[in-house]
Amino acid sequence: MNRFANKSVVITGGSGGIGSVTGKLMAEEGARVLLVDIDEKALKEIVRDFDSDPVEYAVADVTKPEQVKAYVDKAVELFGGIDIFFNNAGVEGNVAPLDEYSLDEYHQLIHVNVNGMFFGLHYVFPVMKKNDKGGSIIMTSSVAGLMGTANVTPYVTSKHAVIGMMRSAALEGAGHNIRVNTVNPSPVDNRMMRSLESGFNPDESEKAKEQFEQMIPLGRYATNEEIAKMVMFLASEDSEFITGTVNPVDGGMTA
Ligand SMILES: NC(=O)c1ccc[n+]([C@@H]2O[C@H](COP(=O)([O-])OP(=O)(O)OC[C@H]3O[C@@H](n4cnc5c(N)ncnc54)[C@H](O)[C@@H]3O)[C@@H](O)[C@H]2O)c1
């Protein structure tokens, strides 16, 4: 398949588990990709791994509006526009009761997971409005956007917020054929879950993993590729009549 021939794609959290795999799979289907992340070292390593598929990167902190504007400008300079925006950068924060949660860490989490997403929309929307064919925006929420979990209240709050942001953006974008949807992964077998597992059970993180797996009817974590496949569906013309929707990829966890 070559669903993304001549499509330009911007991915935040581009050196992370889900973002980098999505970028690679999209590039294999013809996309021109700009990976955006705060972690320059990881970006350089990922770009090296792309071998034959051309990919660009931009170092940016999504909580800084001027840096968000800079990565959007870079995409326009490189590609002439943005067809697909995977608004995906996020942090997991700490595991702690809400009355013990550090307020500085709370602010930082909301800054990345909510403000960073909004700043992305703020600067990408005008670029997509100029596209004759509009565009597709996918925002990474989570099963944590659909249900509560004790001791990660800030994360859950942020991922619920992403759904509200997506719904309003979908209504604003519709007249310009800009589609906006969320992808809502259950636990994914990558760095972020290793961090949360040791937050939930510092002495026996494997036990925390087993407990999560028991909450998932299909009995295991998702892979980065499984999340990427949903993102690619939402990004492609296969989903051209789909906007304003929430899309769990969760092995039945929210059923
Ligand atoms: N891993 C999971 O189990 C899981 C489940 C549901 C949702 N998610 C969401 O998926 C998205 C991607 O996470 P992942 O699983 O690939 O984890 P990850 O930690 O591998 O990737 C997140 C990326 O975001 C980047 N980032 C963090 N703060 C940033 C900032 N201020 N500016 C720019 N980049 C920044 C990190 O450097 C990292 O590369 C996140 O929004 C996360 O909340 C993950």
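Thresholds applied
- Residues numbered from 1 in each chain as written.
- Predicted model: local features only at pLDDT ≥ 70, side-chain atom pairs only at ≥ 80, totals over all residues.
- Pairing = 2+ DSSP bridges.
- Helix = DSSP H or I, 4+ residues; strand = E, 2+ residues; numbered from the N terminus.
- Axes fitted to C-alpha atoms, helices over the stretch in contact; angles between N-to-C directions.
- Domains from an automatic or database assignment.
- Nonpolar A, V, L, I, M, F, W, Y, C, P; charged D, E, K, R; others polar.
- Parallel < 35°, antiparallel > 145°, perpendicular 65-115°, else oblique.
- Left-handed = near helix turned anticlockwise from the far one by under 90°.
- Contact = placed C-beta atoms within 7 Å.
- Buried ≥ 20, exposed ≤ 12 C-beta atoms within 10 Å, placed from the backbone.
- Expected span 1.5 Å × (residues − 1).
- Arc of directions from axis to C-beta.

Here we look at the sheet that holds strand S1 (residues 8–12)
Working step 1: Across the sheet, which stays open at both edges, the seven strands sit in the order S3-S2-S1-S4-S5-S6-S7 with parallel pairing between neighbours. One side of each edge strand has no neighbouring strand; the edge strands of this open sheet are strand S3 (55–59) and strand S7 (246–249). Strand-to-strand twist across the sheet, computed as the mean angle between neighbouring axes with direction ignored, equals 20°.
Working step 2: Bridge analysis of strand S6 (residues 178–185) against S7 gives four bridges, and the strand direction is parallel. Its bridge partner lying in S7, Val183 is registered against Asn247.

Things to note about the domain arrangement of the protein
Working step 1: For the protein, the assigned domains read domain 1 (8–186 + 224–249) and domain 2 (188–221).
Working step 2: Relative to domain 2, the C-alpha centre of domain 1 lies at a distance of 23 Å.
Working step 3: Elements that contribute at least two residues to the side of domain 1 that touches domain 2 include exactly helix H1 (17–28) and helix H8 (224–235).
Working step 4: Among the residues forming the side of domain 1 that touches domain 2, the class breakdown is four nonpolar, four polar and one charged.

Points about the packing of H1 against H8
Working step 1: At a minimum axis distance of 9 Å, the contact between H1 and H8 shows a crossing angle of 60°. Classified by the angle their axes make, H1 and H8 are oblique. Relative to H8, H1 is oriented so that their crossing is right-handed. In this structure, H1 uses Gly17, Ile18, Val21, Thr22, Leu25 and Met26 to contact H8, whose residues at the interface are Asn224, Glu225, Ile227, Ala228, Val231 and Met232.

Section: unusual backbone geometry
Working step 1: With phi around 75°, Asn151 is a residue other than glycine that occupies positive phi space.
Working step 2: Backbone geometry places Asn177, a non-glycine residue, at a positive phi of 60°.
Working step 3: Looking at where Asn177 falls in the secondary structure, it is placed in the loop between helix H5 (153–173) and S6.
Working step 4: Taking the C-beta count within 10 Å as the criterion, Asn177 has 16 such neighbours and is therefore assigned partly exposed.

So, H5
Working step 1: The first and last C-alpha atoms of H5 sit 30 Å apart over 21 residues, in line with the 30 Å expected at 1.5 Å per residue.
Working step 2: Listed as buried for H5 are Pro154, Tyr155, Ser158, Lys159, Val162, Met166, Ala169, Ala170 and Gly173. The arc that holds the buried residues of H5, viewed along the axis, is 145°, so those residues lie on one side. Opposite its buried face, H5 presents the exposed residues Gly164, Ser168 and Leu171, each directed more than 90 degrees away.

Thoughts on H8
Helical periodicity: at 3.6 residues per turn, an α-helix aligns residues three or four positions apart in one direction.
Working step 1: For H8, with 12 residues, the first-to-last C-alpha span of 16 Å sits near the 16 Å given by 1.5 Å per residue.
Working step 2: Taken together, the buried positions of H8 are occupied by Asn224, Ile227, Ala228, Met230, Val231, Met232, Leu234 and Ala235.
Working step 3: Buried positions along H8 lie against H1, strand S4 (84–87), strand S5 (135–140), S6 and S7.

Concerning the packing of helix H3 (residues 65–79) against helix H4 (residues 103–129)
Working step 1: Relative orientation of the contacting elements H3 and H4 amounts to 30°, with a least axis distance of 9 Å. Between H3 and H4, the angle falls in the class roughly parallel. Here the hand of the crossing between H3 and H4 comes out right-handed. Every residue of H4 that contacts H3 at Pro65, Val68, Lys69, Val72 and Val76 is listed here: Phe119, Gly120, Tyr123, Val124 and Val127.
Working step 2: Grouping the amino acids of the contact of H3 with H4 by side-chain chemistry returns eight nonpolar, one polar and one charged.

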